Structure formats: structure tokens, C-alpha cells
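# Structural overview for review
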Amino acid sequence: MYPGGRPRTTALRDVTDAAFYVLRTGCQWRYRPKDFPPKSTVGRYFDEWRHNGTRDTIHDLLRKKVRTAERPYSPRTTASVDSQSVDTTSGGEERGRDNAKNVDGRKRHILVDSMGLLLAVLVTAAGVDDAKAAAELFGRLDEQPMGKVRRVFADRKYHNYALYEWVETNARWELVIVRRPDGAKGWVKLPRRWTVERTFAWLGTCRRLSKNREKAVRSSEAVVKLAMIHLMLNRLEPKGVDAEFQYHTVA
């Protein structure tokens, strides 16, 4: 990774596969198959890529490739924001209670483009108000391709005059609150809101994300981006059919 030192003896593909295995299966690091690199090696790379921005760079480059492959010459003009409260199992920082969802743990705030691809993620305690966290989430868009975005769709949880003022002062786009029709009962498809809900469904295929299992919120945000990296790699190189289940060979 850096000049000097001993030559690398561990294949980075094996490190990445080990991280994807834990992500998809939800197993503990110590219980991964033995033909993967040691836990300490994978963990060291995982932490290093989180701190030096390597994971963010990989994520952003893959997102650009996916958009180019699926929607060439089609710039982003809309985005959507929402949050998801999940139970926390490992303790650590930033824990709280979301009384509306009856959840003790943390809350994932994400903003996605019109294809459902991640633009920004923020993890807070579950008790943090969505509108209050949105200003910090939107502040992470400085390095993101938002030049042609004109509207960001949100639900009524983001109806907050302080947030409107922040958007008017700091952003070039408009925050649009999408409300349920008056008198509607049960599930209702809301225009432009389903894209962010679908992204949460994509994240739900990774068992590591069924609960918040990380002690640090930065690790929680890194795991969300790792899940999107895995998703985008499969979209760029689809397998076609699922591989047959087989046990890894243990030495």
C-alpha cells in the first residue's frame, strides 16, 4: 500500500472476499472460513481503507461506472433522503431510542440519486431527529456529483423550518416534502420516494446490516458503503446464475 517495507504476501482480492463474506453472511470475523486471510490481516486492511479514503474512492468510481453503463448521458436531476432505525448489538458510541419505531440502537441516514445509488450516509443514535441529522448529512455532499440536481425528495419527517433555511443558504437544490394523500389508508406508492426505500431493501440482503453490529459509527458507515460496493460490482459483472453452495476447503 505504501512505498518501502516488506513485499505484500496477502492477495487484496482475498482480503476483499473475506470482507464480503462477513458482510453477506453476518458471521463473526473469527468464524469466517479458514482459507481466508487471518482476522487481524483483514481487519487491518478494513480499518486502513476506512481511514485513508480508499473505500470511498472505490465506491465513487464504481458508482460512476454503473451510471455510465446503465444511463449514459443522463445526469442526476433528483435525489431522495430517508432514515432507517436498527437495533444495536455491540454497544459502543451513539446509541439511543427511536420511540416511533420502538428501536433501541442507531439510525442510518442515507441520500441516494434517482437510480438508488448512494451519495451520502450518516449514522447517528436512533433518537436523533431526522431533520436535525439531515443538515449534517447534506454537508457531506461537497465532494459528490450534485451539480445538476435540482430537487431532493423527503417525507414529512423532514418538514422543519431550520432545515429549509439551511438548504436555502447552503444548497443549490430544493427540498421537496412528499406527503401521503389525505385520507389514504395502508400502503401507498409515493412518487419519487420509492428509490430510497429500495436502497434500504438492497442493504437488507446483507445479514451484517440486519442489526448495527459495529461499535463505532464510522465503521457502521463503512459497512454500508461496502454493501453498496458489493451491489455495484454485481451490477457491472452479473453472475447470471447463483453458484452452487459448497464448503470452503480447510487446510
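For the structure, see preceding data.
Keep in mind that what you see is a predicted model, and the values were worked out from it rather than measured.

### What to know about the pairing of strand E5 (residues 151–154)
Pairing geometry for strand E1 (residues 78–87) and E5, over three bridges, is parallel. Counted as the bridge partner of Ala 79 is Val 152 from E5. The pairing of E5 with strand E6 (residues 174–177) spans four bridges and is classified as parallel. For Arg 151, the partnering residue across the bridge sits in E6 and is Glu 174. In the classification by handedness, the crossover that spans E5, the intervening helix H5 (residues 161–170) and the parallel E6 is right-handed.

### What about the nonpolar core?
Core analysis: the largest hydrophobic core is formed by 35 residues, its most contacted members being Leu 23, Ile 110, Leu 118, Leu 203, Leu 209 and Met 228. Of all elements in the fold, only helix H1 (12–25), helix H2 (39–51), helix H3 (54–70), strand E3 (103–113), strand E4 (118–125), helix H6 (194–203) and helix H7 (217–236) reach the threshold of two or more residues within this core. Per element, the largest residue contribution to this core is nine residues, and it comes from H7. Not counting residues within four places of it along the chain, the set of residues in contact with Leu 23 comprises Cys 206, Arg 207, Arg 208, Val 223, Leu 226, Ala 227 and His 230. Listed in part, the 23 residues of the second largest apolar core include Val 81, Ala 134, Phe 138 and Tyr 158.

### Regarding the pairing of E4
Burial analysis of E4 places eight of its eight residues in the buried class, which makes it a mostly covered element. From the end of E3 to the start of E4, which pair antiparallel, there are four residues, and Gly 116 there has a positive phi angle of about 85 degrees.

### Things to note about the side chain of Arg 108
Looking at the secondary structure, you find Arg 108 in strand E3. The contacts of Arg 108, once residues within four sequence positions are left out, are Asp 82, Ser 83, Gln 84, Val 86, Leu 122, Val 123, Phe 200, Leu 209, Lys 211, Asn 212 and Val 224.

### Focus: the pattern of salt bridges
Opposite charge on two side chains allows them to pair when their charged atoms are near. For the structure on display, the rule yields 18 salt bridges. Across the salt bridge formed by Asp 155 and Lys 157, the nearest N and O atoms sit 3.7 Å from each other. Classification of Asp 155 by relative accessible area gives buried; the value is 13%. Residues joined by salt bridges that share partners form a network here, namely Asp 82, Asp 98, Lys 107, Asp 130, Asp 155, Lys 157, Arg 193 and Glu 197.

### So, unusual backbone geometry
Not every positive phi belongs to a glycine, and Tyr 73 is a case in point at roughly 60 degrees. With respect to the helices and strands, Tyr 73 occurs in the loop between H3 and E1. When its relative accessible area of 85% is taken as the criterion, Tyr 73 is described as exposed. A positive phi angle, near 55 degrees, is found at Asn 102, a position not held by glycine. Summarising the element assignment, Asn 102 is placed in the loop between strand E2 (96–98) and E3. Its relative accessible area of 54% is what places Asn 102 among the exposed residues.

### Considering the environment of Asn 99
Here Asn 99 lies in the loop between E2 and E3. Separated by 27 residues in sequence, Asn 99 and Ala 126 have C-alpha atoms that sit 8.8 Å apart.

### Some details on the packing of aromatic side chains
A full pass over the atoms with the stated rule returns six aromatic pairs. Between Tyr 21 and Phe 36, the ring centres sit 5.6 Å apart and the planes meet at 55 degrees, which makes this aromatic pair tilted. On the criterion of sequence distance, the pair formed by Tyr 21 in helix H1 and Phe 36 in the loop between H1 and H2 is long-range, its members being 15 residues apart. What makes Tyr 21 partly exposed here is its relative accessible area of 28%. Summarising the aromatic geometry, the rings of Trp 29 and Phe 46 are spaced 6.0 Å apart at their centres and angled 65 degrees between planes, so their arrangement reads as edge-to-face. Remark: Phe 46 occurs in helix H2 and Trp 29 occurs in the loop between H1 and H2; sequence separation between them is 17 residues.

### A short note on the packing of H1 against H7
Packing of H1 against H7 leaves a shortest axis separation of 10 Å and a crossing angle of 100 degrees. Taken together, the axes of H1 and H7 lie roughly perpendicular to each other. In this structure, H1 contributes Ala 19, Phe 20, Leu 23 and Arg 24 to the contact, and H7 contributes Val 223, Leu 226, Ala 227, Ile 229, His 230 and Leu 233. Across the contact of H1 with H7, the residue classes break down as eight nonpolar, one polar and one charged.

### Some words on the state of the cysteines
Taken as a whole, this structure holds zero disulfides when the rule is applied. Free of any disulfide, Cys 27 has its nearest cysteine sulfur in Cys 206, 13 Å distant.

Reading the values: the criteria
- Residues numbered from 1 in each chain as written.
- Predicted model: local features only at pLDDT ≥ 70, side-chain atom pairs only at ≥ 80, totals over all residues.
- Heavy atoms only, no water.
- Pairing = 2+ DSSP bridges.
- Helix = DSSP H or I, 4+ residues; strand = E, 2+ residues; numbered from the N terminus.
- Right-handed = clockwise from strand over helix to strand, strands pointing away.
- Core = buried A, V, L, I, M, F, W, Y, C linked by side-chain atoms within 4.5 Å.
- Buried < 20%, exposed > 50% of the residue type's maximum accessible area, 1.4 Å probe, protein only.
- Contact = heavy atoms within 4.5 Å.
- Salt bridge = Lys/Arg side-chain N within 4 Å of Asp/Glu carboxyl O.
- Phe/Tyr/Trp six-rings, centres within 6.5 Å; stacked < 30°, edge-to-face > 60°.
- Axes fitted to C-alpha atoms, helices over the stretch in contact; angles between N-to-C directions.
- Parallel < 35°, antiparallel > 145°, perpendicular 65-115°, else oblique.
- Nonpolar A, V, L, I, M, F, W, Y, C, P; charged D, E, K, R; others polar.
- Disulfide = S-S within 2.5 Å.

From the geometry alone we can't say anything about function, so treat these as descriptive.
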